[in-house]
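The primary structure of each chain is shown beneath.
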Amino acid sequence: MMSELKDLDSVTKKLQAESTTMSDARSLFDAVIRKFPALAKYLQFDSKIVHSKEFERAVVKAQRGEPLTDVDQQYIQHFKNFVEVEEDEEPDVSFADTVLSSSRKRAKSGYSCDWVPATSNLCERSFSVAKNIKSPQRNRLLPMHLEALMFLKVNACFWNENLVSKL
């Protein structure tokens, strides 16, 4: 039981990584379905949670270098002729990394869809940051100041008090 929970935990963590593509997410979901068939109804390609099944199918095919149908090409036509960048593999051995190591060998498809986020966690984190900044104590905060504070908070890794004191 603990090893199964550890496997699921590795998948949830990998899904939250910024480098996770839609193809990676689909590979992880498919592996979880194989290991835990009871979750198929929630994680299958055609489950209710998938907003645009056709778009997801086209992006995943492009990221994997699989042949695209005319319909697939229509869904991702705006991604045509972008330059693709190959990602370096990380030497982790979790369940999620094992699944992704075999699925990341992508061929060039002529479409660059790797930057399409697999999940909305980055957006959700931004709203959480905004909620923490625009608290009831700061209810009169101007939108311009909220934007500046959010920018500083999100980019905190690029500055510190020593740099600010020099300005």
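Since this is a predicted model, take the numbers as computed values, not measurements.

Enquirer: I'm lost on the overall build of the protein in this one. Help?
Expert: Scanning the protein for helices and strands turns up nine helices and zero strands. Along the protein, helices (α) and strands (β) appear in the sequence α-α-α-α-α-α-α-α-α when read from the amino end. Taking all 167 residues of the protein together, 34% fall into the buried category. For the protein, the proportion of contacts with a sequence separation of at least 24, taken over those separated by at least 6, is 61%. Accessible area of the protein: about 11,900 Å², with a carbon and sulfur share of 59%.

Enquirer: Is there a simple way to think about the nonpolar core in this case?
Expert: Note that soluble globular proteins tend to have their nonpolar side chains buried in a common cluster. Counting residues in each nonpolar core, the largest one holds 14 residues, and the members touching the most others are V11, L15, L28, V32, F95 and V99. Of all elements in the fold, only α1 (2–15), α2 (22–35), α3 (40–43) and α6 (95–103) reach the threshold of two or more residues within this core. Counting residues per element, this core draws most heavily on α2, which supplies five residues. Residues M22, A58, I76 and C113 belong to the second largest nonpolar core, which totals ten residues.

Enquirer: Can you walk me through α1 in this structure?
Expert: One full turn of an α-helix is made of 3.6 residues, so residues set three or four places apart face in the same direction. Compared with the 20 Å implied by 1.5 Å per residue over 14 residues, the 20 Å span of α1 between its first and last C-alpha is a close match. Buried within α1 we find D7, S10, V11, K14 and L15. Looking straight down α1, one finds that the buried residues subtend no more than 135° of arc, so they occupy a single side. With respect to the buried face of α1, the exposed residues turned more than 90 degrees away are M2, K6 and K13.

Enquirer: Would you take a moment to explain the packing of α2 against helix α4 (residues 53–64) for this structure?
Expert: Orientation of α2 relative to α4, taken along the N-to-C sense of each, is 100°, at an axis distance of 8 Å. By the angle between their directions, the pair α2 and α4 is classed as roughly perpendicular. From α2, M22, S23, R26 and S27 reach across to α4, where they touch F55, E56, V59, V60, Q63 and R64. Along the lines of polarity and charge, the residues of the contact of α2 with α4 split into four nonpolar, three polar and three charged.

Criteria and cut-off values
Residues numbered from 1 in each chain as written. Predicted model: local features only at pLDDT ≥ 70, side-chain atom pairs only at ≥ 80, totals over all residues. Heavy atoms only, no water. Helix = DSSP H or I, 4+ residues; strand = E, 2+ residues; numbered from the N terminus. Buried < 20%, exposed > 50% of the residue type's maximum accessible area, 1.4 Å probe, protein only. Contact = heavy atoms within 4.5 Å. Areas by Shrake-Rupley, 256 points an atom, 1.4 Å probe, with all protein chains shown as cover. Core = buried A, V, L, I, M, F, W, Y, C linked by side-chain atoms within 4.5 Å. Expected span 1.5 Å × (residues − 1). Arc of directions from axis to C-beta. Axes fitted to C-alpha atoms, helices over the stretch in contact; angles between N-to-C directions. Parallel < 35°, antiparallel > 145°, perpendicular 65-115°, else oblique. Nonpolar A, V, L, I, M, F, W, Y, C, P; charged D, E, K, R; others polar.

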